[in-house]
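Secondary and tertiary structure notes
One-letter residues, chain by chain:
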Amino acid sequence: MSDALLVRTEGAVRVLVNSNPAARNAIRPELYDALQTALLEAAADPAIGAIVLVGDGDFFCAGGDLRALATRRELVPSERRLKIERLHETIRAIRACPKPVIAAVEGGAAGAGLSLALACDMLVSARDAFFAMAYVKVGLSPDGGATAFLSQFLSRQLMTELCLLGERLTAERLHALGAVNRLTERGGALAEALALAARVADGPANANARIKTLCAQAGSNSLGEQLDLEAQLMVESQGDDEAKEGIAAFFAKRAPDFKLLRKHQE
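Here we summarise the structure given alongside this text.

What counts and what doesn't
- Residues numbered from 1 in each chain as written.
- Predicted model: local features only at pLDDT ≥ 70, side-chain atom pairs only at ≥ 80, totals over all residues.
- Heavy atoms only, no water.
- Helix = DSSP H or I, 4+ residues; strand = E, 2+ residues; numbered from the N terminus.
- Polar contact = N/O pair within 3.5 Å; in protein donor to acceptor, adjacent residues only side chain to side chain.
- Contact = heavy atoms within 4.5 Å.
- Pairing = 2+ DSSP bridges.
- Axes fitted to C-alpha atoms, helices over the stretch in contact; angles between N-to-C directions.
- Parallel < 35°, antiparallel > 145°, perpendicular 65-115°, else oblique.
- Nonpolar A, V, L, I, M, F, W, Y, C, P; charged D, E, K, R; others polar.
- Core = buried A, V, L, I, M, F, W, Y, C linked by side-chain atoms within 4.5 Å.
- Buried < 20%, exposed > 50% of the residue type's maximum accessible area, 1.4 Å probe, protein only.
- Patch = residues over 30% accessible without salt bridge, like charges linked within 9 Å, V, L, I, M, F, W, Y side chains within 5 Å.
- Areas by Shrake-Rupley, 256 points an atom, 1.4 Å probe, with all protein chains shown as cover.
- Salt bridge = Lys/Arg side-chain N within 4 Å of Asp/Glu carboxyl O.

**As for the side chain of Asp 240**
With respect to the helices and strands, Asp 240 occurs in the loop between helix 10 (223-238) and helix 11 (241-252). Polar contacts involving the side chain of Asp 240 include one to the side chain of Arg 210, which spans 3.3 Å. With near-sequence residues (within four places) excluded, Asp 240 lies in contact with Asn 206 and Arg 210.

**Topic: the sheet that holds strand 9 (residues 182-184)**
Reading across the sheet, the 6 strands line up as 1-2-3-4-6-9 and stay open at both edges, with mixed pairing between neighbours. Looking along the sheet, the strands with just one partner apiece sit at the ends: strand 1 (5-10) and strand 9. The average undirected angle you get between the axes of adjacent strands in this sheet is 20°. Taken together, the 6 bridges between strand 1 and strand 2 (residues 13-18) define a ladder with antiparallel strand orientation. Within the sheet, the bridge partner assigned to Arg 8 lies in strand 2 and is Val 15.

**Considerations on the packing of helix 9 (residues 205-218) against helix 10**
Taken N-terminus to C-terminus, the directions of helix 9 and helix 10 make an angle of 180°; their axes are 11 Å apart at the nearest point. Relative to helix 10, the element helix 9 is oriented roughly antiparallel. Note on element contacts: helix 10 touches helix 9 through Gln 226, Leu 229, Glu 230, Leu 233, Glu 236 and Ser 237, opposite Arg 210, Thr 213, Leu 214, Gln 217 and Ala 218. Grouping the constituent residues of the contact of helix 9 with helix 10 by class yields 4 nonpolar, 4 polar and 3 charged.

**Here we look at the nonpolar core**
Membership of the largest hydrophobic core comes to 51 residues, with the highest contact counts inside it found for Leu 39, Phe 60, Val 105 and Phe 131. At the level of elements, helix 1 (29-44), strand 3 (50-55), helix 3 (77-96), strand 4 (101-105), helix 4 (112-119), helix 5 (146-150), helix 6 (156-165) and helix 7 (171-177) are the ones that each hand at least two residues to this core. It is helix 1 that contributes the most residues to this core, 7 residues altogether. Listed in part, the 17 residues of the second largest apolar core include Val 17, Val 52, Val 124 and Ala 189.

**So, a nonpolar patch on the surface**
A cluster of nonpolar residues, Leu 66, Val 138 and Leu 140, forms a patch on the protein surface that exposes about 260 Å² of accessible area. Residue position: Val 138 is located in the loop between strand 7 (130-132) and helix 5. Taking relative accessible area as the criterion, Val 138 reaches 44% and is therefore assigned partly exposed.

**With respect to the sheet that holds strand 8 (residues 168-170)**
If you trace the 3 strands from one edge of the open sheet to the other, you get 5-7-8, paired in mixed fashion. Each edge of the open sheet is held by one strand with a lone partner, namely strand 5 (108-110) and strand 8. With direction set aside, neighbouring strand axes in the sheet form an average angle of 20°. Two elements, strand 5 and strand 7, share 3 bridges in a ladder whose sense is parallel. Within the sheet, the bridge partner assigned to Ala 109 lies in strand 7 and is Phe 131. The sheet strands contacting helix 4 are strand 5 and strand 7, and the helix crosses strand 5 at an angle near 110°.

**Some remarks on the pattern of salt bridges**
Inspection of every chain in the model, using the stated rule, returns 15 salt bridges. Salt-bridge contacts for Asp 45 lead to Arg 14; the nearest nitrogen and oxygen are separated by 3.2 Å. Residue Asp 45 is located in the loop between helix 1 and strand 3, and its partner Arg 14 is located in strand 2; the two are separated by 31 residues in the primary sequence. A residue is classified by how much of its surface remains accessible, and Arg 14, at 11% relative accessible area, is buried. Between Arg 182 and Glu 192 there is a salt bridge, with the nearest N and O atoms lying 3.8 Å from each other. In this pair, Arg 182 sits in strand 9 while Glu 192 sits in helix 8 (residues 189-201), placing the two residues 10 residues apart along the sequence. Given the relative accessible area of 31%, Arg 182 is considered partly exposed. Using a relative accessible area of 29% as the deciding quantity, one classes Glu 192 as partly exposed. One salt-bridge network, held together by shared partners, links Asp 3, Arg 28 and Glu 30.

**Observations concerning unusual backbone geometry**
Positive phi, normally seen in glycine, also occurs at Asn 25, with a value near 60°. Mapped onto the elements, Asn 25 comes out in the loop between strand 2 and helix 1.

This is the structure in structure tokens:
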């Protein structure tokens, strides 16, 4: 694993730390492969129920490394596209991971750092953190799925203003708009994200993966497509041992033990 990404495990939660603190955790090229590999490893590990993505120190991610971006104009367009696709492959990997991914934001998330945060399934933020589509400040347009994610909870007018001006949005504003799940005091985002991830990890892993799929596709599917997907995944769920345990626990008036099922899979 690259030193651009630090990996540790806390209980049933895999913690992935974007580590470039000297540059406010600006994205280094090594991060892409390391993050994709870590997500695949977490997905394949039945002992892991959820993932937390965090920055090293007091800042989540300042986006792309401008020193590297400054040299891109020297490349032909096809080569520039390949560089951008490395970020996009990472965004796709976060969305495709069957384990829920929670971002823990301290300080701020700007540019591609905001894309990384919004790609996650849930977002916990310190109350004094900021979020910014800073691309326009350096003559660039957004990437990393930022406009797709922002369009899910911002009006077109507000999203356009945010992208054209590059101004900061506060964590409290994003919480009010529905993009931030939990607000904490400064320094508390990781602890809150870990607590939230632990609750998720206690749940049924297969059902969690199906729920993540449903939530991810609900915004783009037609009603008919979403009903078909719900039916398909409900059929799968009904035949799963998780449902057997959950329903038996309900009638026995006890808490279901989904962790025991995961241990049998190891």
